[in-house]
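# Topology and contacts: notes
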Amino acid sequence: MIETELFAAGHGGYRRYRIPALVVANSGTILAFCEGRRHTGRDEDEIDILLRRSHDGGSSWEEPVVVVKDGDRTCGNPCPVVERDSGDVLLPFCVDNQRVLVSRSRDDGVSWTTPVEITAGVKAEGHTYLGTGPGHGIQLRGGRLLIPSWADLSPGPATWRDPPATWGQVQLSFAIFSDDGGHSWEAGAPMEADASDECEAVELEDGSLYMTMRSRGDRWQRASARSSDGGATWSPVEYHAELPEPSCQGSIASLDASQILLCHPSSTEARAMLTVRLSRDGGRSWPAGRVLCPGPAAYSDLAVVEGGILCFYEKEDYQRLVVARFTRDWIEPA
């Protein structure tokens with residue numbers, strides 16, 4: 001296993017870097033996005049979205065560039081997805097967790113279109129806050145682009161910089177999707193209120209979807225749900241005692257047609273013991289796993305590249321964002 005630091009707190013004019021998101025373009029170029037938090041490092045800080053790119057499987061990286069910036073606004077929750085037919089990289093993100101926009105790159109992240117707002121199609125009445133991902137979206141075999149998302153239903157005025165005391169009390173998971181290459185978007189049905197929030201998804205071998213989610217209600221276990229209709233509706237949320245967590249975002253990726261990877265902090269006491277797990281039965285069991293980082297580690301995002309696996313994650317109490325590269329054999333030695 002080899003690690004490379006991509007972002008360090010206090011460098012480049014930002015107090016803290018958080019919320020990793022990782023995708024691989026059709027060309028093989030790897031795009032690593034994150035939030036650059038300018039002053040306090042908190043969720044409601046003035047935030048830009050930054051990008052670093054690699055052309056050699058993650059061994060070396062271009063210098064960071066800002067791809068989304070809107071004055072003193074909070075621009076965050078990057079959730080990129082690659083549209084395989086056109087090769088376009090789409091970047092859904094949120095402004096002040098009130099609006100959802102999508103920017104598009106036709107050159108593997110070198111340049112980006114002016115963001116297009118899609119809030120009207122994806123934000124339901126009663127959503128006082130809304131977040132895409134965070135992490136990466138997926139394209140289903142049928143062509144649908146799917147962005148796992150979450151919303152807050154807590155009562156109170158929607159003032160992001162001065163959130164009401166009730167913020168965060170009631171949240172839920174759902175998905176937004178596009179069937180026309182990312183030009184129009186709609187929201188699927190929500191899951192149960194206050195069962196889960198931040199989420200990522202994979203398409204399984206049989207065409208169904210498996211979503212892994214941060215659980216709520218002090219359950220200290222990963223949550224999951226399944227969909228047989230492309231994310232329009234979801235099964236009841238389930239919890240997994242064999243997947244302990246401290247209530248934190250986690251990431252998931254398809255290793256091949258029959259195996260999926262999951263990464264999340266596995267301590268119930270703190271955001272620590274970041275663990276990578278392997279399932280061969282569509283997420284019903286996770287018999288193989290290995291601790292990637294035993295110390296403080298939080299949000300992550302996984303990607304499968306030629307010859308290996310990448311995990312882009314928050315390390316050392318949000319002081320560093322690093323990319324780890326390893327192989328399947330590292331998780332489960334032969």
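Residues numbered from 1 in each chain as written. Predicted model: local features only at pLDDT ≥ 70, side-chain atom pairs only at ≥ 80, totals over all residues. Heavy atoms only, no water.

This next bit is on the overall build of the protein. Assigned secondary structure in the protein consists of 2 helices and 25 strands. Over its C-alpha atoms, taken along the principal directions, the protein stretches across nearly 55 × 45 × 40 Å. Taking all 334 residues of the protein together, the buried fraction comes to 59%. In the protein, the share of contacts with a sequence separation of at least 24, taken over all contacts with a separation of at least 6, comes to 51%. A total of about 12,700 Å² of accessible surface is found on the protein, and carbon and sulfur atoms cover 48% of it. Taken as two groups, the 32 positive and 49 negative side-chain charges of the protein have centres that lie 3 Å from each other. (Helix = DSSP H or I, 4+ residues; strand = E, 2+ residues; numbered from the N terminus. Buried < 20%, exposed > 50% of the residue type's maximum accessible area, 1.4 Å probe, protein only. Contact = heavy atoms within 4.5 Å. Areas by Shrake-Rupley, 256 points an atom, 1.4 Å probe, with all protein chains shown as cover. Lys, Arg positive; Asp, Glu negative; His and termini not counted. Charge placed at Lys NZ, Arg CZ, Asp CG, Glu CD.)

In this section: the sheet that holds strand β18 (residues 221–227). The strands making up a sheet associate through backbone hydrogen bonding, with each pair oriented either parallel or antiparallel. With antiparallel pairing, the 4 strands of this open sheet are ordered in space as β16-β17-β18-β19. Edge positions in the sheet fall to β16 (196–203) and β19 (238–244), since each of these pairs with one other strand and no more. Taking each pair of neighbouring strands and ignoring which way they run, the sheet shows an average axis angle of 35°. (Pairing = 2+ DSSP bridges. Axes fitted to C-alpha atoms, helices over the stretch in contact; angles between N-to-C directions.)

Take the environment of L209 next. With respect to the helices and strands, the residue L209 is situated in strand β17 (residues 209–215). Under the relative-accessibility criterion, L209 is labelled buried at 0%. If near-sequence neighbours (up to four positions away) are discounted, L209 is found in contact with L140, L146, V202, E203, A225, R226, S227, G230, G231 and W234.

What follows is about the state of the cysteines. Within the structure shown, the criterion is met by 0 disulfides. C293 takes part in no disulfide bond, and the closest cysteine sulfur, belonging to C311, lies 9.7 Å away. (Disulfide = S-S within 2.5 Å.)

Omega for the bond connecting G133 with P134 falls within 30 degrees of zero, at -5°, which places this linkage in the cis form. Relative to the helices and strands, P134 resides in the loop between β11 (129–132) and β12 (138–139). The phi angle at N77 is positive, at roughly 55°, despite the residue not being glycine. Assignment of secondary structure puts N77 in the loop between β6 (75–76) and β7 (81–82). Unusually for a residue other than glycine, W220 sits at a positive phi of about 60°. You can see W220 is positioned in the loop between β17 and β18.

All chains considered together, the criterion is met by 24 salt bridges. The salt bridge partner of D179 is R144, with a shortest N-O separation of 2.8 Å. Here D179, found in the loop between β14 (171–178) and β15 (186–187), pairs with R144, found in the loop between β12 and β13 (145–152); they are 35 residues apart in sequence, far enough to count as distant. With relative accessibility at 17%, the residue R144 sits in the buried group. Between R216 and D197 there is a salt bridge, and its shortest N-O distance comes to 2.9 Å. Of this pair, R216 sits in the loop between β17 and β18 while D197 is found in strand β16, placing the two residues 19 residues apart along the sequence. Overall, the relative accessible area of 13% leaves R216 in the buried class. (Salt bridge = Lys/Arg side-chain N within 4 Å of Asp/Glu carboxyl O.)

For the rest of this paragraph, the subject is the pairing of β16. Burial runs high along β16: 8 of the 8 residues are buried. Bridging between β16 and β17 involves 6 bridges; their strand directions are antiparallel. Along β17, the bridge assignment pairs C199 with M213. Hairpin connection, β16 to β17: the antiparallel pair is bridged by 5 residues, and G207 has positive phi, about 90°.

Moving on, we get to the environment of V322. Locating V322 in the fold gives a position in strand β25 (residues 320–326). Along the sequence, V322 and E3 sit 319 residues apart, while their C-alpha atoms lie 6.4 Å from each other. If near-sequence neighbours (up to four positions away) are discounted, V322 is found in contact with E3, T4, E5, L6, C311, F312, Y313 and K315.

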